[in-house]
There are 6 protein chains.
Amino acid sequence: MAVNADDFFKAAKLDQPRDTMKSKVGSNVTLINVMQLPGLNTLGISMARIDYAPLGQNPPHTHPRATEILTVLEGTLYVGFVTSNTDNGNKLFTKVLNKGDVFVFPQGLIHFQFNPVHDKPAVAIAALSSQNPGAITIANAVFGSKPPISDDVLAKAFQVQKGTIDWLQAQFWENNHN
Amino acid sequence: MAVNADDFFKAAKLDQPRDTMKSKVGSNVTLINVMQLPGLNTLGISMARIDYAPLGQNPPHTHPRATEILTVLEGTLYVGFVTSNTDNGNKLFTKVLNKGDVFVFPQGLIHFQFNPVHDKPAVAIAALSSQNPGAITIANAVFGSKPPISDDVLAKAFQVQKGTIDWLQAQFWENNHN
Amino acid sequence: MAVNADDFFKAAKLDQPRDTMKSKVGSNVTLINVMQLPGLNTLGISMARIDYAPLGQNPPHTHPRATEILTVLEGTLYVGFVTSNTDNGNKLFTKVLNKGDVFVFPQGLIHFQFNPVHDKPAVAIAALSSQNPGAITIANAVFGSKPPISDDVLAKAFQVQKGTIDWLQAQFWENNHN
Amino acid sequence: MAVNADDFFKAAKLDQPRDTMKSKVGSNVTLINVMQLPGLNTLGISMARIDYAPLGQNPPHTHPRATEILTVLEGTLYVGFVTSNTDNGNKLFTKVLNKGDVFVFPQGLIHFQFNPVHDKPAVAIAALSSQNPGAITIANAVFGSKPPISDDVLAKAFQVQKGTIDWLQAQFWENNHN
Amino acid sequence: MAVNADDFFKAAKLDQPRDTMKSKVGSNVTLINVMQLPGLNTLGISMARIDYAPLGQNPPHTHPRATEILTVLEGTLYVGFVTSNTDNGNKLFTKVLNKGDVFVFPQGLIHFQFNPVHDKPAVAIAALSSQNPGAITIANAVFGSKPPISDDVLAKAFQVQKGTIDWLQAQFWENNHN
Amino acid sequence: MAVNADDFFKAAKLDQPRDTMKSKVGSNVTLINVMQLPGLNTLGISMARIDYAPLGQNPPHTHPRATEILTVLEGTLYVGFVTSNTDNGNKLFTKVLNKGDVFVFPQGLIHFQFNPVHDKPAVAIAALSSQNPGAITIANAVFGSKPPISDDVLAKAFQVQKGTIDWLQAQFWENNHN
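Since we're looking at a predicted model, the values are computed, not measured.

Section: the UniProt feature "binding site: oxalate" (unreviewed entry) in chain A
Residue and element names in this part refer to chain A.
Here's step 1: UniProt's feature table lists "binding site: oxalate" (unreviewed entry) at Asn58, His63 and Glu68, given in the numbering used throughout.
Here's step 2: Summarising the element assignment, Asn58 is placed in strand β4 (residues 57–62).
Here's step 3: What makes Asn58 buried here is its relative accessible area of 9%.
Here's step 4: The contact partners of Asn58, leaving out residues within four places of it in the chain, are Ser27, Val29, Ile50, Tyr52, Phe112 and Gln113.

With respect to the interface of chain A and chain B
Here's step 1: Taken together, the contact pairs 44 residues of chain A with 45 residues of chain B.
Here's step 2: Overall, the association of chain A and chain B removes approximately 3,400 Å² of surface from exposure, summing both partners, and the carbon and sulfur fraction of that is 76%.
Here's step 3: Looking only at chain A, the three residues that lose the most surface to chain B are Phe8(A), Met47(A) and Val102(A), adding up to 17% of its buried area.
Here's step 4: The salt bridge partner of Lys95(A) is Asp6(B), with a shortest N-O separation of 2.1 Å.
Here's step 5: One can count 10 residue pairs in polar contact (both at pLDDT 80 or more) joining chain A with chain B.
Here's step 6: Looking at the side of chain A that touches chain B, the elements that each hand over two or more residues are β1 (9–10), β3 (46–52), β5 (68–74), β7 (92–97), β8 (102–105) and β10 (122–128) of chain A.
Here's step 7: Residues of the side of chain A that touches chain B, tallied by class, amount to 27 nonpolar, 10 polar and 7 charged.
Here's step 8: Where β8(A) meets strand β1 (residues 9–10) of chain B, 2 bridges bridge the pair, whose relative direction is antiparallel. Paired with Val102(A) across the two strands is Lys10(B), which belongs to β1(B).

Digging into the relation of the copies chain A and chain B
Here's step 1: For these two chains of identical sequence, chain A goes onto chain B by a turn of 180 degrees and a shift of 0.0 Å along the axis, with RMSD 0.0 Å. The operation mapping one copy onto its partner corresponds to a two-fold rotation axis.
Here's step 2: Of the interface residues in chain A, 100% have counterparts in chain B that sit at the interface too, so the contact is made through matching surfaces.

A few points about the interface of chain D and chain A
Here's step 1: Each partner contributes residues to the interface: chain D has 53 residues there, and chain A has 53 residues.
Here's step 2: Summing the contributions of chain D and of chain A, the shared interface buries around 4,600 Å²; its carbon and sulfur component is 64%.
Here's step 3: Across the chain D-chain A interface, the total number found is 18 residue pairs in polar contact (both at pLDDT 80 or more).
Here's step 4: Looking at the side of chain D that touches chain A, the elements with two or more residues in it are β4 (57–62), β6 (77–82), β9 (111–114), β11 (136–137), α1 (138–143), α2 (151–158) and α3 (162–177) of chain D.
Here's step 5: Ranked by the residues each element gives to the side of chain D that touches chain A, the list is headed by α3(D), at 7 residues.

Notes on the nonpolar core
Here's step 1: Ranked by size, the top nonpolar core spans 332 residues in total, and within it Phe158(A), Phe158(B), Phe158(C), Phe158(D), Phe158(E) and Phe158(F) carry the most contacts.
Here's step 2: Apart from residues lying up to four places away in sequence, Phe158(E) is in contact with Val142(E), Phe143(E), Ile165(E), Ile138(F), Ala139(F), Phe143(F) and Phe172(F).

Comments concerning helix α2 (residues 151–158) of chain A
Residues and elements named next belong to chain A.
Here's step 1: Where burial is concerned, most of α2 is hidden: 6 out of the 8 residues are buried.
Here's step 2: Listed in full, the buried residues belonging to α2 are Asp151, Val153, Leu154, Ala155, Ala157 and Phe158.
Here's step 3: Regarding α2, its N-cap is Ser150, as a side-chain oxygen of that residue lies 3.0 Å from the backbone nitrogen of Asp152 further along.
Here's step 4: Positive backbone phi, approximately 60 degrees, marks Gln159, located one or two places after α2.

Quick word on the pattern of salt bridges
Here's step 1: Per the stated rule, a full pass over the model turns up 28 salt bridges over all chains.
Here's step 2: Here Lys162(D) makes a salt bridge to Asp151(D), at a shortest N to O gap of 4.0 Å. Highlighted residues: Lys162(D) in helix α3 and Asp151(D) in helix α2, separated in sequence by 11 residues.
Here's step 3: The class for Lys162(D) is partly exposed, based on a relative accessible area of 37%.
Here's step 4: According to the relative accessible area criterion, Asp151(D) is buried, its value standing at 18%.
Here's step 5: Ionic contacts of the salt-bridge type, sharing partners, join the residues Asp151(C), Asp152(C) and Lys162(C) into one network.

Digging into the packing of aromatic side chains
Here's step 1: Under the definition given, this model contains 48 aromatic pairs over all chains.
Here's step 2: Considering the side-chain rings of Phe103(F) and Phe105(F), the 5.1 Å spacing of their centres and the 55 degrees angle between planes classify their relative orientation as tilted.
Here's step 3: A residue is classified by how much of its surface remains accessible, and Phe103(F), at 0% relative accessible area, is buried.
Here's step 4: The exposure class of Phe105(F) is buried, given its relative accessible area of 1%.
Here's step 5: An aromatic cluster of three or more residues is present, and its members are Phe8(A), Phe81(B), Phe93(B), Phe103(B) and Phe105(B).
Here's step 6: Above the ring of Phe9(B), the side-chain terminus of Lys95(A) is found at 4.9 Å from the ring centroid.

Side note on the sheet that holds strand β11 (residues 136–137) of chain F
Here's step 1: The 5 strands are arranged β7-β6-β9-β4-β11 (chain F) in an open sheet whose pairing can be described as antiparallel. Unpaired on one side and paired on the other, β7 (92–97) and β11 of chain F mark the two borders of the sheet.
Here's step 2: The sheet contact formed by strand β6 (residues 77–82) of chain F and strand β9 (residues 111–114) of chain F spans 4 bridges and is antiparallel. Bridge pairing in β9(F) links Tyr78(F) to Phe114(F).
Here's step 3: Running over the sheet, helix α2 (residues 151–158) of chain E touches β4 (57–62), β6 and β9 of chain F and is turned about 80 degrees from β4(F).

What counts, and where the lines are drawn
Residues numbered from 1 in each chain as written. Chains lettered and ligands numbered in written order. Predicted model: local features only at pLDDT ≥ 70, side-chain atom pairs only at ≥ 80, totals over all residues. Heavy atoms only, no water. UniProt positions renumbered as here; feature names shortened; annotations may be inferred. Helix = DSSP H or I, 4+ residues; strand = E, 2+ residues; numbered from the N terminus. Buried < 20%, exposed > 50% of the residue type's maximum accessible area, 1.4 Å probe, protein only. Contact = heavy atoms within 4.5 Å. Buried area = accessible area lost by both parts, 1.4 Å probe. Salt bridge = Lys/Arg side-chain N within 4 Å of Asp/Glu carboxyl O. Polar contact = N/O pair within 3.5 Å; in protein donor to acceptor, adjacent residues only side chain to side chain. Nonpolar A, V, L, I, M, F, W, Y, C, P; charged D, E, K, R; others polar. Pairing = 2+ DSSP bridges. Least-squares fit on C-alpha atoms with pLDDT ≥ 70 in both. Core = buried A, V, L, I, M, F, W, Y, C linked by side-chain atoms within 4.5 Å. Phe/Tyr/Trp six-rings, centres within 6.5 Å; stacked < 30°, edge-to-face > 60°. Lys NZ or Arg CZ within 6 Å of the ring centre and 35° of its normal. Axes fitted to C-alpha atoms, helices over the stretch in contact; angles between N-to-C directions.

So this is what it looks like as structure tokens:
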């Protein structure tokens with residue numbers, strides 16, 4: 001079948017608020033990547049709307065194959081990323097973004113967006129430099145993987161007792177699956 | 001001077017309507033590329049807000065180094081791009097976009113966005129797969145270059161008399177410089 | 001079937017003059033890309049012979065995925081390209097090329113080659129930095145697309161009356177299809 | 001000064017055991033990247049020796065710009081990585097590696113290596129697909145950044161009380177700075 | 001100083017025969033790369049004219065950073081390349097090229113062009129997929145490097161006596177430096 | 001079938017000495033590329049163990065699609081590469097590597113490793129910046145291709161009599177096929 005205009009179009013409803021209630025962290029990411037929009041194939045870009053409940057967040061995560069650029073449509077966001085390991089690394093860079101501000105999260109770095117306002121939602125539009133950027137939510141990958149990462153590994157990594165890790169994993173599991 | 005959070009931030013006011021009155025075509029593009037946001041360096045992405053007056057347009061143009069993905073924030077847009085030359089080429093793909101719809105303009109193809117509504121402005125957010133995508137507005141490049149392209153060249157290219165080209169160039173010049 | 005020497009070979013007859021009479025613009029491009037020469041797959045290059053009738057031209061066009069380097073085999077060419085939009089953009093860079101001269105047309109920029117001599121043909125060999133560079137002839141894409149671009153769009157883009165656009169499109173159509 | 005053979009050489013002593021005692025996690029990474037070996041510039045590769053104390057580990061981390069391939073020189077390693085978020089994502093893929101085995105950690109994914117043996121060290125040689133792959137140790141970035149990430153953010157991300165986060169950050173800080 | 005049309009132009013005289021008499025192998029390569037034509041910077045392409053004396057050749061060589069596409073302007077060329085090592089590798093692919101034929105030499109493979117005609121020169125135009133493709137002439141690199149490669153290495157590599165290597169190196173040196 | 005941990009794992013036995021007796025040059029390369037390890041697909045890296053008999057060598061060769069980084073595990077290696085053709089090119093850069101040293105061979109350049117010790121084997125681990133780097137052993141490609149390269153070509157290339165080439169080819173063939 002020949003390619004046509006519909007291959008480059010998605011009635012994505014990015015103007016409409018998403019439900020942030022089902023999310024434990026108070027956010028909802030609507031990503032339009034090559035799976036939703038086949039015309040993106042080989043073209044190295046994708047787009048997302050992100051909704052944040054009051055005090056909600058897009059929790060610390062990375063995109064293994066993309067840089068992200070973001071602008072705030074509604075509300076306020078406290079955003080940040082952590083630089084990589086070096087002699088003077090693991091620096092946290094943060095900024096409070098108001099409506100219309102733009103921020104960049106470089107490829108592969110751990111970053112977050114947090115709505116610090118207790119009574120208003122926030123909305124952002126983001127774009128990513130890959131047709132399929134991927135996302136790794138740190139808490140989910142570290143404490144919520146299937147099967148779980150061994151508590152031998154995580155106890156030493158986070159420098160706590162294995163019991164603490166077991167409890168963190170159990171908490172995380174319970175919060176996400178009940 | 002060390003890199004800091006400000007290198008990744010721009011108070012771009014992308015939430016605020018731009019003046020579309022000064023533009024002959026009734027649009028205004030606010031591009032945030034690596035010149036405005038140094039943290040974009042090497043990262044292959046940029047972002048823009050585009051304002052369209054009623055019946056305004058972002059006229060036929062190309063980005064020599066980027067694909068564009070766009071979503072409509074306000075109003076309605078009639079958008080399109082033309083495929084490249086082949087046996088069955090130069091096809092026009094168009095779509096009417098309403099608020100929240102997403103569309104892709106593949107790298108290097110001629111495309112446009114037109115606000116078909118006579119009494120309401122439109123607004124879009126676009127992202128481009130380059131830190132410095134470039135833009136070539138066809139009319140400006142073809143009829144408004146400095147110095148002008150020879151009418152010998154353009155007359156045959158557009159298959160009209162040289163006088164027609166001279167008149168088109170003069171019209172374009174007058175409209176853009178008075 | 002195993003790959004063999006024929007996959008890297010094309011009896012392309014690039015030494016032989018092409019007919020420039022059927023072309024409305026007085027030129028003929030013989031492109032050897034990955035469709036003609038399967039061995040080019042993944043290798044990022046292609047080659048073309050271009051014949052120009054006296055006063056013929058390769059009209060303003062872009063290659064969405066390639067830079068072009070060209071040398072003149074026979075005759076004289078007046079060549080040029082237009083820089084992209086910036087504060088001081090849309091500059092026309094031109095040069096008269098004689099036999100043996102080399103010129104570069106950067107990726108995605110609008111460029112042309114014109115044979116300014118009224119009684120001699122010209123010939124060039126060009127190479128392009130893609131196995132499938134694509135080509136967008138501006139006049140064909142803007143005034144000859146199928147279906148045509150709306151005259152609402154083009155009238156404002158070129159800053160003329162809609163009637164002028166309709167006439168330009170009709171002229172172009174008639175010249176190319178009769 | 002002209003380039004010479006020394007620009008492509010490093011007396012890196014990758015054959016010699018590194019001290020794993022100073023490390024809280026019982027490992028030591030000796031990375032030879034473009035800072036140590038200028039001849040790597042633009043060439044897209046680097047190499048590392050990793051020493052693991054008995055029960056030591058290279059804790060969960062990512063490389064924002066590189067894939068890693070690793071072979072075990074001495075001892076045994078329990079290794080793993082977590083796939084990215086999807087409907088069926090956050091899967092943990094693990095393997096026990098013996099001497100001579102090879103494993104791949106795809107670009108940007110969270111991975112670890114753990115020496116499960118209580119009385120023998122382990123050693124691996126790894127290579128990375130970047131002249132400067134970067135490394136982000138999850139615990140250090142999340143609980144040990146300078147300044148710390150807000151406990152408002154981390155409490156909700158990890159779905160525990162803020163006091164738990166404060167305690168985890170304090171523990172991590174104390175263990176790493178005393 | 002601003003960029004101008006001269007940065008994209010080279011009066012390269014690629015139409016004019018080069019002297020093939022000074023060359024021991026009977027050929028002369030005139031390469032137009034980024035050193036001759038600064039406008040090629042970052043654009044991934046270059047062009048060359050190659051002259052072949054009767055029975056002359058462009059001897060076995062590789063381009064470490066480029067694929068080559070070639071067309072014959074005058075005469076006849078016997079061309080070939082050798083595939084890389086595999087179970088069924090080191091295959092020689094050859095073809096006799098007449099005027100106007102096109103052939104591709106994939107990146108990094110050893111290839112040659114030979115003029116098999118005893119009384120007529122040949123000429124080709126080639127293009128390469130890099131602004132600076134590099135060239136490694138096998139005989140020069142293996143038997144003519146400065147300083148010479150150890151005859152211990154070469155004797156076993158070519159499976160002859162060291163005296164044979166010494167003689168081959170001396171022959172090569174004498175022929176190229178007297 | 002779903003991807004699983006085995007796709008990223010190879011029981012490659014890179015710790016075990018390989019037989020260097022069957023090789024005419026006294027070496028054995030065990031390459032783990034995407035054919036052995038499907039998880040390497042699109043990831044741009046591969047790894048090899050190289051065994052060298054006393055006085056054995058990995059003879060002059062190139063990788064058409066990869067840079068190589070190497071460290072010595074056992075013994076001593078005399079290594080080198082030859083720079084490409086330029087006014088002051090074809091320089092031989094060499095180094096004696098001891099256990100633990102690291103060396104880089106840039107993409108596409110002719111290089112070798114030689115064990116200069118008469119009574120001890122050597123072992124190296126190398127990594128290459130491609131999932132399928134390819135290898136072209138110069139002697140095999142030049143004197144051992146199937147079919148052989150014409151002695152007309154090789155005689156002039158190496159600047160010896162055709163009889164010498166025929167003898168070199170016969171020697172090489174006999175040594176490698178008997």
